[in-house]
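What follows is each chain in one-letter form.
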Amino acid sequence: MRILHVGASGTVGDAVGRALRARGHDVVAAHRKSATHPVDITDPESIRELLAGLGALDAIVSTAGGTPFGPWDELGRDDFRAGLDNKLLGQVELVRQGTEVLRSGGSFTLITGITAREPVREGSIAAAVNGALESWVRASAGELWGRFRINAVSPSVLTESRADYASIFPGFPFVDGERVGDAYVRSVESMETGAIYVL
Ligand SMILES: NC(=O)c1ccc[n+]([C@@H]2O[C@H](COP(=O)([O-])OP(=O)(O)OC[C@H]3O[C@@H](n4cnc5c(N)ncnc54)[C@H](OP(=O)(O)O)[C@@H]3O)[C@@H](O)[C@H]2O)c1
């Protein structure tokens, strides 16, 4: 399959890109600093420019987007907006515009995260964004039924990110990037829609 992968250069993106390529897929790797396929998902025009130059796609997968972390009392409206604009609305816009270029029956796979169901200290914005995304994916699966599939992958902290996140997720189980890659392969190659792959 020909797959657009947004957020390909990150930690999660690296694991997912390897898994998709190992399955023989033709993966177009995009992210903000990409020399060949730059895109900023917070900017709808940037998404439009990327999609316009790609031709037909069988799947669009995202491992992009971040949310601010910080003490509850110090996270203000601007922080909240930053998280919404980036990880939530960025991925939503990718899907909205993606429906115009994806072949009929193609799939979308988005990234969420464990804070959707297991809150951590300083992670209130991540919890709100991931929870909203998962609800939106479930709702969208119904509305896109028969035209496109859509799923989300909701991992715990990756083993590969242990050094960065261990203090925010004390005692949480880590998940190997390989398992996260497998979940993306399942989403892309299966017939499933509306699934949240909890890892
Ligand atoms: N790492 C974990 O343990 C873990 C666990 C659960 C969920 N997640 C989620 O997985 C996602 C990726 O995490 P990560 O640890 O892989 O982060 P990362 O290493 O910082 O990678 C982020 C990736 O997304 C791209 N990116 C960031 N903002 C973008 C934007 N506005 N438009 C387009 N591309 C953008 C980055 O490339 P450029 O900087 O070049 O744009 C990079 O390719 C996040 O949403 C995170 O919440 C991560």
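Scroll up a little and you will see the structure.
Since this is a predicted model, take the numbers as computed values, not measurements.

**Structural notes on the pattern of salt bridges**
Reasoning step 1: Under the defined criterion, the tally for this structure stands at 8 salt bridges.
Reasoning step 2: Among the ionic pairs, R96 bridges to E93, the shortest N-O distance being 3.0 Å. Separated by 3 residues within a single helix, R96 and E93 lie in helix α3 (residues 77-98), roughly one turn from each other.
Reasoning step 3: For E93, a relative accessible area of 13% corresponds to the buried category.
Reasoning step 4: E134 is paired through a salt bridge with R117; the nearest N and O atoms lie 3.9 Å apart. With E134 in helix α4 (residues 124-143) and R117 in the loop between β4 (102-111) and α4, this pair connects stretches of sequence that are 17 residues apart.
Reasoning step 5: Residue R117 is classed as partly exposed on the basis of its relative accessible area of 32%.

**Topic: the packing of helix α2 (residues 44-52) against α3**
Reasoning step 1: At a minimum axis separation of 10 Å, α2 and α3 run at an interaxial angle of 40°. Judged on the interaxial angle alone, α3 and α2 are oblique. α2 and α3 meet at a crossing whose hand is right-handed. Residues P44, I47, R48 and L51 of α2 lie in contact with α3, whose contacting residues are G90, E93, L94, Q97 and G98.
Reasoning step 2: Its residues placed into classes, the contact of α2 with α3 shows 4 nonpolar, 3 polar and 2 charged.

**Concerning the pairing of strand β3 (residues 57-62)**
Reasoning step 1: Along β3, 6 of the 6 residues are buried, which leaves the element largely enclosed by surrounding structure.
Reasoning step 2: In terms of strand pairing, strand β1 (residues 2-6) meets β3 through 4 bridges, oriented parallel. Within the sheet, the bridge partner assigned to V6 lies in β3 and is S62.
Reasoning step 3: Note: β3 against β4, 4 bridges, orientation parallel.

**Quick notes on the site of the ligand**
Reasoning step 1: Inspection of the region around the ligand gives 26 residues, with S9, H31, R32, G65 and L158 positioned closest.
Reasoning step 2: The protein chains hide 84% of the 880 Å² of surface that the ligand would expose on its own.
Reasoning step 3: Breaking the shell around the ligand down by element, the ones donating at least two residues are α1 (11-22) and α3.
Reasoning step 4: When the residues that make up the shell around the ligand are grouped by side-chain class, the tally is 10 nonpolar, 12 polar and 4 charged.

Definitions and limits used
- Residues numbered from 1 in each chain as written.
- Predicted model: local features only at pLDDT ≥ 70, side-chain atom pairs only at ≥ 80, totals over all residues.
- Heavy atoms only, no water.
- Salt bridge = Lys/Arg side-chain N within 4 Å of Asp/Glu carboxyl O.
- Helix = DSSP H or I, 4+ residues; strand = E, 2+ residues; numbered from the N terminus.
- Buried < 20%, exposed > 50% of the residue type's maximum accessible area, 1.4 Å probe, protein only.
- Axes fitted to C-alpha atoms, helices over the stretch in contact; angles between N-to-C directions.
- Parallel < 35°, antiparallel > 145°, perpendicular 65-115°, else oblique.
- Left-handed = near helix turned anticlockwise from the far one by under 90°.
- Contact = heavy atoms within 4.5 Å.
- Nonpolar A, V, L, I, M, F, W, Y, C, P; charged D, E, K, R; others polar.
- Pairing = 2+ DSSP bridges.
- Near = heavy atom within 4 Å.
- Areas by Shrake-Rupley, 256 points an atom, 1.4 Å probe, with all protein chains shown as cover.

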